[in-house]
Amino acid sequence: NNIHNNAFYQRNTARPMTRQIPIYLLAGQSNMAGRGELADLDQFPAIQMGLNDAHDSILYDFVCSFGADRGEPFSSGGAFASCGFTQLAPCQKHPSTPGPHFGPELSFGVRMGEQIDGAQMHIALVKHGRGGTNLTTDWNPTAGGRGLFMQMLEQYRHRSDDLVARGFQPRIAGFGWFQGEGDS
């Protein structure tokens, strides 16, 4: 299924007048990749309603894995990735998960989406969650490990370029880190 053929992508590729779009970078280990199970969303009706209301206003890109990828760059297909903006929603099942799942991006995205006013109709979330990793080598840009920090920056650059091509002026509005169990 080519992401460029879906209706969400087509609605959000028309070049708007150049305007700023805040980007929130979300990164971390397994808890950022998402340990919430799809059935857990039933406990949070406000998030479910927010996801329905924010369908086109939140642009969402993600890379996530739970250690099955052995640190391969997301462009190689090692981790599960959207490889472009898509609608904010739980992540579908992929090889390293028992089923559809989600992380803090859903509640964060819905909450930030509530802050959108008429002059600023979009926000962007760029998530890089990699379970089974550690800060000492895997995320440290000078340690020679998996290079996840640099991969996260590469992902951000690609999505930033996508936004510029759509007529936006991206600006980093925030960064969130969600720790996993390995370094706790």
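Residues numbered from 1 in each chain as written. Predicted model: local features only at pLDDT ≥ 70, side-chain atom pairs only at ≥ 80, totals over all residues. Heavy atoms only, no water.

**Focus on the overall build of the protein chain**
Filter applied, for reference: Helix and strand assignments follow DSSP, with helices taken as H or I runs no shorter than four residues and strands as E runs no shorter than two, numbered in order from the N terminus. Throughout, exposure labels follow a simple rule: accessible area from a 1.4 Å probe, protein chains only, divided by the maximum for the residue type, with under 20% read as buried, over 50% as exposed, and the rest as partly exposed. For this analysis, residues touch if any pair of their heavy atoms sits within 4.5 Å.
Scanning the protein chain from N- to C-terminus turns up 5 helices and 8 strands. Listed N to C, the secondary structure of the protein chain is α-β-α-β-α-β-β-β-β-α-β-α-β in terms of helices and strands. Of all 184 residues assigned to the protein chain, the portion counted as buried reaches 45%. Taking contacts inside the protein chain between residues at least 6 apart in sequence as the whole, the part at least 24 apart equals 76%.

**Regarding helix H3 (residues 45-53)**
For the α-helix, the turn length of 3.6 residues means that residues three or four positions removed from each other point alike. Filter applied, for reference: The arc in question is the one spanned by the directions pointing from the helix axis to the C-beta atoms.
Among the residues of H3, Ile47, Gly50 and Leu51 are the ones counted as buried. The buried residues of H3 occupy one face: seen down the axis, they fall within an arc of 100 degrees. The outward face of H3, more than 90 degrees from its buried face, is lined by the exposed residues Ala46, Met49, Asn52 and Asp53. In this structure, the buried side of H3 is in contact with helix H4 (105-113).

**What to know about the side chain of Ser65**
Looking at where Ser65 falls in the secondary structure, it is placed in strand E3 (residues 58-65). Not counting the four nearest positions on each side in its chain, Ser65 is found in contact with Ala33, Ala79, His94, Ser96, Gly129, Arg130 and Gly131.

**Remarks on the environment of Pro170**
Structurally, the position occupied by Pro170 is in strand E8 (residues 168-178). Residues Pro170 and Ile123 lie 47 residues apart in sequence; the distance between their C-alpha atoms is 9.3 Å.

**Points about H4**
Listed as buried for H4 are Glu105, Leu106, Gly109, Val110 and Gly113. The arc that holds the buried residues of H4, viewed along the axis, is 125 degrees, so those residues lie on one side. The elements touched by buried residues of H4 are strand E1 (19-28), helix H2 (30-33), H3, E3, strand E6 (101-102) and strand E7 (123-130).

**A word on a nonpolar patch on the surface**
Stated formally: Only residues whose relative accessible area exceeds 30% and that form no salt bridge enter a patch; like-charged residues are grouped when within 9 Å of one another, and nonpolar side chains (Val, Leu, Ile, Met, Phe, Trp, Tyr) when within 5 Å. Throughout, the Shrake-Rupley method with a 1.4 Å probe supplies accessible areas, and for residues the shown protein chains are the sole cover considered. Salt bridges, as used here, are contacts in which a Lys or Arg side-chain nitrogen is within 4 Å of a carboxyl oxygen on Asp or Glu.
A surface patch of nonpolar side chains, about 280 Å² in accessible area, is lined by Leu135, Phe175 and Trp177. Examined against the element boundaries, Trp177 turns out to sit in strand E8. By relative accessible area, which is 31% here, Trp177 ends up partly exposed.

Any functional reading would require information that these geometric values do not contain.
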